[in-house]
Amino acid sequence: MKIKVAKFGGTSMADAQAITRSADIVKADKERRYVVVSAPGKRFSQDIKVTDLLYECFHKLEMDGNFDSSFEKIRERFMTIAEELRPDLDMEECLDEVKQGMYKYGSTEYFASRGEYLSGRIMAAHLGFAFVDAAEVIVFTAGGEFDAAATRAKLKKKLSSVKYAVIPGFYGADESGLIHTFSRGGSDITGALIAEAVGAELYENWTDVNGFLTADPRIVEHPAGIKELSYRELRELAYMGANVLHPESIFPVRAGGIPINIRNTFEPDNKGTMIVPEITDARKNNTITGIAGKKGYSIIYIEKSMMNSEIGFARKVLSVLEYYNIGFEHMPSGIDTLSIVVADSEIAGRQEILLDKIQKTVNPDHVEIKDGISLIATVGHGMSFKPGTAAKLCGALATAGVNIRMIDQGSSEMNIIVGVATQDYEKAVRAIYKAFE
Ligand code: ADP
Ligand code: ASP
Ligand code: MG
């Protein structure tokens, strides 16, 4: 029998009604044998995700030594869901146990993981599936690094004897049982790991939009849907801010050659987006596949005459970043100039010391850090077949009155990254979208 792994995101688990929809989707296809769930997300735009409430609890514990009032909000959400769906499940007791664990283990990751744990318990009871705790099968090292080989072995062993199961997303544990989590949105990774371990035919990722859209629907009104996306395009778009799917969830499925299908729990008849190893020839006619972007970057701008002929210049600059353990995103260069794009979070509070060290190391004519930058990636395999893509993109930004602060055509020939002032970000995304619509 073929196996499908179905992951349901926060909105699909937000309340009893959404969970019922999700469960109906699972029940409609016997091949949907392994179900991965997120913690309940937002029910309406001003609502707070359970995971954020859990981080709030941890914060309260650190500040006041007590998180009772924040925990009550979590209790209420789960009690309401359980009362509507599974009055037979002793939710009150589950919640008390979780709260005791929070005081006992007291780590931010333990706190954060409990939303998925509880949501998994409810979904398993509701579906009549086994509950497999992620702490048993998703393995981290004691230092909190994810351990892929150990995880694969544990998942294979455990799931070979469980035909239908619900597994909570987002977390796992180390050898001593301490809980660790992936980064935010990490339930997507759990689903991908399970799909690979069980050799699934398909990894379904059920969310609240009709698949991957050509742009962020919060910026562009009704962007077109993307029927098919290659693993590489997905990686670029997801990494650059299209947070429909966690960018790291691609690696396990790519290893197993398993397609991902992004679907909408609230419109289950829509076929959504298929993410496949290679795109079909027909798609190569489209110039671009999608646009994604992120705020919160700075550019380290270095100028020095004859820089280009100074052997080892870039290496010396990068050694400064390495010294301060700063990762960088892009590094376009000219004859006498070098720009290094870094996330603000990487250099926060260290700008002065960084400038000083660069000055001392390579003695440039000028060095400065320009902050308030946003990056926008325009992605598509079709770009390498169509001359003039960059010209069209730059023209659209010029017409919209957006100044390009940095431009980098990726070596893969399937993306163009521009850096713009953050106040121009939304305007720039809309202009690019319109140009390629
Ligand atoms: P889930 O909780 O199901 O994992 P997420 O909130 O993580 O869902 O991801 C889905 C959301 O991603 C959508 O509701 C949408 O607002 C946002 N999003 C951003 N960029 C895109 C895009 N290019 N296509 C579709 N959705 C996008
Ligand atoms: N609940 C976690 C988060 O909000 C993980 C996830 O939803 O994938 O980040
Ligand atoms: Mg998500």
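(A) Summary view of the site of ligand 1. In the vicinity of ligand 1 lie 16 residues, with Lys 7, Gly 10, Thr 207, Asp 208 and Leu 213 positioned nearest. The fraction of the free accessible surface of ligand 1 (570 Å²) that becomes covered by protein chains is 86%. Residue composition of the shell around ligand 1, by class: 7 nonpolar, 5 polar and 4 charged.

(B) Layout of the packing of helix H2 (residues 50-64) against helix H3 (residues 68-85). At a minimum axis distance of 8 Å, the contact between H2 and H3 shows a crossing angle of 155°. Classed by the angle they form, the pair H2 and H3 counts as roughly antiparallel. Crossing angle aside, the handedness with which H2 passes H3 is left-handed. Contact residues: H2 offers Val 50, Leu 53, Leu 54, Glu 56, Cys 57 and Lys 60, while H3 offers Ser 70, Phe 71, Lys 73, Ile 74, Arg 77 and Phe 78. Residue composition of the contact of H2 with H3, grouped by class: 7 nonpolar, 1 polar and 4 charged.

(C) Main features of the site of ligand 2. All residues adjacent to ligand 2 are Ser 38, Thr 51, Glu 116, Phe 170, Arg 184, Gly 185, Gly 186 and Ser 187. Take Gly 185: an N or O atom from its main chain is 2.8 Å from an oxygen atom of ligand 2. Between an oxygen atom of ligand 2 and a main-chain N or O atom of Ser 187, the distance comes to 3.0 Å. Compared with its free state, where it exposes 270 Å², ligand 2 has 91% of that area covered by protein. By residue class, the composition of the shell around ligand 2 is 1 nonpolar, 5 polar and 2 charged.

Cut-offs applied
Residues numbered from 1 in each chain as written. Chains lettered and ligands numbered in written order. Predicted model: local features only at pLDDT ≥ 70, side-chain atom pairs only at ≥ 80, totals over all residues. Heavy atoms only, no water. Near = heavy atom within 4 Å. Areas by Shrake-Rupley, 256 points an atom, 1.4 Å probe, with all protein chains shown as cover. Nonpolar A, V, L, I, M, F, W, Y, C, P; charged D, E, K, R; others polar. Axes fitted to C-alpha atoms, helices over the stretch in contact; angles between N-to-C directions. Helix = DSSP H or I, 4+ residues; strand = E, 2+ residues; numbered from the N terminus. Parallel < 35°, antiparallel > 145°, perpendicular 65-115°, else oblique. Left-handed = near helix turned anticlockwise from the far one by under 90°. Contact = heavy atoms within 4.5 Å. Polar contact = N/O pair within 3.5 Å; in protein donor to acceptor, adjacent residues only side chain to side chain.

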